[in-house]
Amino acid sequence: MARNFLDLMDFTNEEVYKLIELAKMLKSADKKDACPYLLKDKSLGMIFAEPSTRTRISFEVAMTKLGGHALYLRPGEIHLGVSESVKDTSLVMSRLLDAIEIRSTDDEGIYELAKHAGIPVINGMGTYLHPCQCLCDLVTMSEHLPEGKELKDITLTFVGDATIYENVGTALSQILPRLGANFIYCVPEGYVADDGFYAPVYRACEEGGGTFKIVHDPKEAVRDADYIYSSVMWYEGYDDDKERRCRDFLPDYQINEELASYAPAHCMFMHYLPAQRGYEMTDAIMDHERSLLWDGAENRLYGEMAILVYLMHYQKKADEELRREEQAKIEAWLEENVK
Ligand code: CP
């Protein structure tokens, strides 16, 4: 039975730590130009119903470095959900590919695709969650831990929007407390969801012993932060929101040097990117010596590699001796039958 990567919470803490370790091993191998061909001859279909720079590049490069191949499949250029049901496309893809990655705002469509697929399906970002980004952020944080701390000890302050539309914040707010860490949402009034939305977060706190808080005062929210994480101030394509959101978030909820001065001296800065420079984060913070933005973007590659290898490792590998035998058999047949 194929395992999917739809939600990082589907993986136990032990598995999450294994994924982080695997990402680091693959990174170390790649830095020596010795990335093992663990997915030789395997094919990943990548469906992107929404734009992407990091996710698309990292999955495609990951497959190449692991000895496999990735196909970019754009809705409108394939039949998915238009002249063919999601179920039928999923059944066909399962016969032709070895794994599927999908980015879509149709969360139900992602789950429908996964339900009928006989191969692993990876959530490359939905409305509700961005589990790939979340895992890669854990890799980045684990490489840049404050002295004397482990992941389970850290405090992350996420400045942004605590509603369903913040898929990275939602994913981090669930996994960090389950690992035992502290998650603080720093949001203006009005950017908080109904209490029921946070039920998985409170369950995670109970399971892992971590904490979750929503704080409206930015100075208080960053006081103990090991990491300050920012999300976009408004979403491209939703420009009607821009004026309202800028009014609600600026200047108090911008990550700038003044706000950073209220955080501990070791505090590091994160953003999933793309960022709107000068809005949610100033240039000085994005390019700060304690900015983890570019390490974080690079780690998308190694996190995606770990996800692919973890999910696809069970699949049959190429057997070179059998391949040579099959080649000899078919060449002999061609010699005799195809002039
Ligand atoms: N952070 C992230 O998922 O980036 P892209 O939208 O560029 O893939």
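For clarity, every value in this text was computed on a predicted model and none was experimentally measured.

Comments concerning the overall build of the protein chain
Next, step 1: Looking only at helices and strands, the protein chain features 13 helices and 9 strands.
Next, step 2: By the compact-globule yardstick of 20 Å for 339 residues, the protein chain fits well, its C-alpha radius of gyration being 22 Å.
Next, step 3: C-alpha atoms of the protein chain, sized along the principal axes, occupy 80 × 45 × 40 Å.
Next, step 4: Scored against the burial criterion, the 339 residues of the protein chain give a buried share of 52%.

Description of the side chain of Glu-166
Next, step 1: Tracing the backbone through its elements, the reader meets Glu-166 in the loop between β5 (155-159) and α6 (167-179).
Next, step 2: A polar contact is formed between the side chain of Glu-166 and the backbone nitrogen of Val-168, at a distance of 3.2 Å.
Next, step 3: Here Ser-231 takes part through its side chain, which lies 3.0 Å from a polar atom of the side chain of Glu-166.
Next, step 4: Sequence-distant contacts of Glu-166, that is, excluding residues within four places in its chain, are made with Phe-158, Asp-161, Tyr-185, Ser-231, Tyr-235 and Tyr-272.

Describing the packing of aromatic side chains
Next, step 1: Taken as a whole, this structure holds 17 aromatic pairs when the rule is applied.
Next, step 2: Note on Phe-5 and Phe-11: the rings are 5.4 Å apart at their centroids and 50° apart in plane angle, and the pair reads as tilted. Here Phe-5 and Phe-11 have matching classes, each one buried.
Next, step 3: Here the aromatic rings of Phe-249 and Tyr-253 are separated by 6.1 Å at their centres, their planes lie at 75°, and the arrangement is edge-to-face.
Next, step 4: Linked through ring pairs, Tyr-128, Phe-158, Phe-183, Tyr-185, Phe-197, Tyr-198, Tyr-202, Phe-212, Tyr-229 and Tyr-272 together constitute an aromatic cluster.
Next, step 5: Geometry around Phe-11 places Arg-3 over its ring, the cationic atom sitting 4.1 Å from the centre.
Next, step 6: Cation over ring: Arg-56 sits above Tyr-72, and NZ or CZ is 3.5 Å from the ring centre.

Structural notes on the site of the ligand
Next, step 1: Around the ligand lies a shell formed by Ser-52, Thr-53, Arg-54, Thr-55, Arg-103, His-130, Gln-133, Tyr-272, Leu-273 and Arg-300.
Next, step 2: Contact distances for the ligand include 2.6 Å between an oxygen atom and a side-chain N or O atom of Ser-52.
Next, step 3: Relative to its free-state accessible area of 260 Å², the ligand is covered by the protein chains to the extent of 93%.
Next, step 4: When grouped by side-chain class, the residues that make up the shell around the ligand number 2 nonpolar, 5 polar and 3 charged.

Brief notes about a negative patch on the surface
Next, step 1: A contiguous patch of negative charge, built from Asp-217, Glu-220, Asp-252 and Glu-258, is present on the exposed surface.
Next, step 2: With respect to the helices and strands, Asp-252 occurs in the loop between α9 (240-249) and α10 (257-260).

How each quantity is defined
- Residues numbered from 1 in each chain as written.
- Predicted model: local features only at pLDDT ≥ 70, side-chain atom pairs only at ≥ 80, totals over all residues.
- Heavy atoms only, no water.
- Helix = DSSP H or I, 4+ residues; strand = E, 2+ residues; numbered from the N terminus.
- Rg over C-alpha atoms; globule rule 2.2 N^0.38 Å.
- Buried < 20%, exposed > 50% of the residue type's maximum accessible area, 1.4 Å probe, protein only.
- Polar contact = N/O pair within 3.5 Å; in protein donor to acceptor, adjacent residues only side chain to side chain.
- Contact = heavy atoms within 4.5 Å.
- Phe/Tyr/Trp six-rings, centres within 6.5 Å; stacked < 30°, edge-to-face > 60°.
- Lys NZ or Arg CZ within 6 Å of the ring centre and 35° of its normal.
- Near = heavy atom within 4 Å.
- Areas by Shrake-Rupley, 256 points an atom, 1.4 Å probe, with all protein chains shown as cover.
- Nonpolar A, V, L, I, M, F, W, Y, C, P; charged D, E, K, R; others polar.
- Patch = residues over 30% accessible without salt bridge, like charges linked within 9 Å, V, L, I, M, F, W, Y side chains within 5 Å.
- Salt bridge = Lys/Arg side-chain N within 4 Å of Asp/Glu carboxyl O.
- Lys, Arg positive; Asp, Glu negative; His and termini not counted.
- Charge placed at Lys NZ, Arg CZ, Asp CG, Glu CD.

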